[in-house]
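Here is how the chains run, residue by residue.
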Amino acid sequence: MELAYIPSPSHGVLYLGPIPLRGYAFCIIIGVFVAVWFGNKRWIARGGQSGTVADIAVWAVPFGLVGGRLYHVITDYELYFSEGRDWVDAFKVWEGGLGIWGAIALGGLGAWIGARRRGIPMPAYADAVAPGIAFAQAIGRWGNWFNQELYGRETHVPWALHITSSEGGRVPGYYHPTFLYESLWCVGVGLLVIWADRRFRLGHGRAFALYVAAYCVGRGWIEYMRVDDAHHILGLRLNDWTALGVFLLAVLYLVVSAKKRPGREAVVEPAAVASGGSADGVSDGPAEAATAGAEGEGRTEDKAEGSEETAEDSTESPKDEAHSAKKG
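Residues numbered from 1 in each chain as written. Predicted model: local features only at pLDDT ≥ 70, side-chain atom pairs only at ≥ 80, totals over all residues. Heavy atoms only, no water.

### A short note on the nonpolar core
The criterion, for reference: Among buried residues, the Ala, Val, Leu, Ile, Met, Phe, Trp, Tyr and Cys ones that are joined through side-chain atoms within 4.5 Å form a nonpolar core. Each residue's exposure class comes from its accessible area (1.4 Å probe, protein chains only) as a fraction of the maximum for that residue type: buried when under 20%, exposed when over 50%, partly exposed otherwise. Segments assigned H or I by DSSP are reported as helices when at least four residues long, segments assigned E as strands when at least two residues long, and all are numbered from the N terminus. Contacts: residue pairs with any heavy atoms within 4.5 Å of one another.
Counting residues in each nonpolar core, the largest one holds 21 residues, and the members touching the most others are Trp-101, Val-189, Val-193, Tyr-211 and Tyr-215. Elements with a contribution of two residues or more to this core: α4 (100-117), α5 (122-140), α7 (178-200), α8 (206-225) and α9 (238-260). Take this core: its biggest share by element is eight residues, from α8. Every residue in contact with Tyr-211, bar those within four places of it in the chain, is listed here: Ile-104, Ala-130, Ile-133, Ala-134, Gln-137, Val-189 and Val-193. Counting residues in hydrophobic clusters, the runner-up holds 13 residues, among them Val-53, Ala-60, Ala-115 and Ala-124.

### Observations concerning a nonpolar patch on the surface
Applicable threshold: Only residues whose relative accessible area exceeds 30% and that form no salt bridge are eligible for patches; like-charged ones are grouped when within 9 Å, while nonpolar side chains (Val, Leu, Ile, Met, Phe, Trp, Tyr) are grouped when within 5 Å. Here the Shrake-Rupley method, with its probe set to 1.4 Å, supplies the accessible areas, and only the displayed protein chains count as covering residues. The term salt bridge refers to a side-chain nitrogen of Lys or Arg lying within 4 Å of a carboxyl oxygen of Asp or Glu.
A cluster of nonpolar side chains, Leu-14, Leu-16, Ile-19, Leu-21, Phe-26 and Ile-30, forms an exposed patch at the surface whose accessible area comes to about 570 Å². Among the elements of the structure, β2 (13-16), β3 (19-22) and α1 (23-45) are those that each provide at least two residues to the nonpolar patch.

### A closer look at the pattern of salt bridges
One pass over the structure, following the stated rule, counts 13 salt bridges. We note a salt bridge from Asp-89 to Lys-92, for which the minimum N-O separation is 3.0 Å. Residue Asp-89 is classed as partly exposed on the basis of its relative accessible area of 22%. With a closest N to O distance of 3.4 Å, Arg-118 and Glu-269 form a salt bridge. In this pair, Arg-118 sits in the loop between α4 and α5 while Glu-269 sits in the loop between α9 and α10 (270-274), placing the two residues 151 residues apart along the sequence.

### Overview of the side chain of His-176
Definition in use: Residues adjacent in sequence count toward polar contacts only when both atoms are side-chain atoms; beyond that, a polar contact is any pair of N or O atoms within 3.5 Å, and within protein one must be able to donate a hydrogen and the other to accept it.
Counting through the fold element by element, His-176 comes out in the loop between β5 (173-175) and α7. Side chain to side chain, His-176 and Tyr-181 meet in a polar contact 2.8 Å long. Beyond its immediate chain neighbours, meaning those up to four positions away, His-176 contacts Tyr-151, Gly-152, Arg-153, Thr-155, Trp-159, Tyr-181 and Met-225.

What follows is the structure, given as structure tokens:
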């Protein structure tokens with residue numbers, strides 16, 4: 001008899017009359033909200049306007065959902081297009097199946113379109129939302145708990161996940177809760193990016209690259225523990241190879257970017273500088289500081305010029321002084 005374990009929910013969906021309320025969908029929605037909310041706070045602190053992150057997310061989120069689903073369907077095509085399967089299930093996103101690699105790739109494309117429309121540098125935007133994305137992933141992973149999916153090897157540790165469903169080839173038992181491991185790892189990644197960004201003033205996309213590299217490290221060992229069906233190459237799961245490749249690219253970007261473009265962007269949103277600050281009145285960003293410094297220098301120069309003119313007006317030549325003395 002097991003003394004302790006993580007129970008699985010008896011149902012992954014509740015019904016409000018005829019309306020289904022799915023736990024997986026709620027986790028994704030809450031994660032998106034957290035990413036946008038936290039990204040907005042960081043964007044304002046960098047000198048941007050409130051609401052910009054949400055406006056760009058209108059492009060990024062739909063692209064990300066499509067990309068995540070496409071990656072899953074392509075890499076697990078046999079679940080939808082093999083004999084006895086219904087290809088219509090490929091569109092049932094609420095049943096689970098979003099690949100983070102595709103979500104980040106197409107989501108990044110959507111964000112680039114939104115940023116370009118507002119004249120905003122994409123690397124600065126990516127740096128602002130990076131830790132929020134990690135926290136969103138941490139929340140989204142709990143959707144796998146609702147669906148009783150993506151668990152690890154069988155185990156009897158006190159925090160084992162109790163799988164009770166036998167659908168889709170599942171075998172009821174106690175397994176490593178890899179969804180929980182990844183959720184906790186993503187929280188750690190988000191905190192790491194926040195700390196490193198404050199400590200080293202990361203800019204030009206390096207905070208986002210750090211998030212990608214750190215996530216890949218955790219995804220590698222967590223993916224190795226999973227027992228669900230997956231394609232293997234040279235003994236490793238496909239997602240392990242993907243994590244390795246993306247990790248190397250992220251590290252390469254960190255090194256090259258630090259050499260070519262050190263420091264942080266002075267202006268992240270030109271419209272915020274033009275309006276004299278963000279919509280919330282926050283003006284502690286580097287853009288506002290630079291603008292204030294320029295204005296202060298201008299006032300100093302005007303004051304100096306006025307002082308010189310006053311000195312010239314009040315100074316008489318020796319000839320004028322002699323003429324005044326004779327008249328007196």
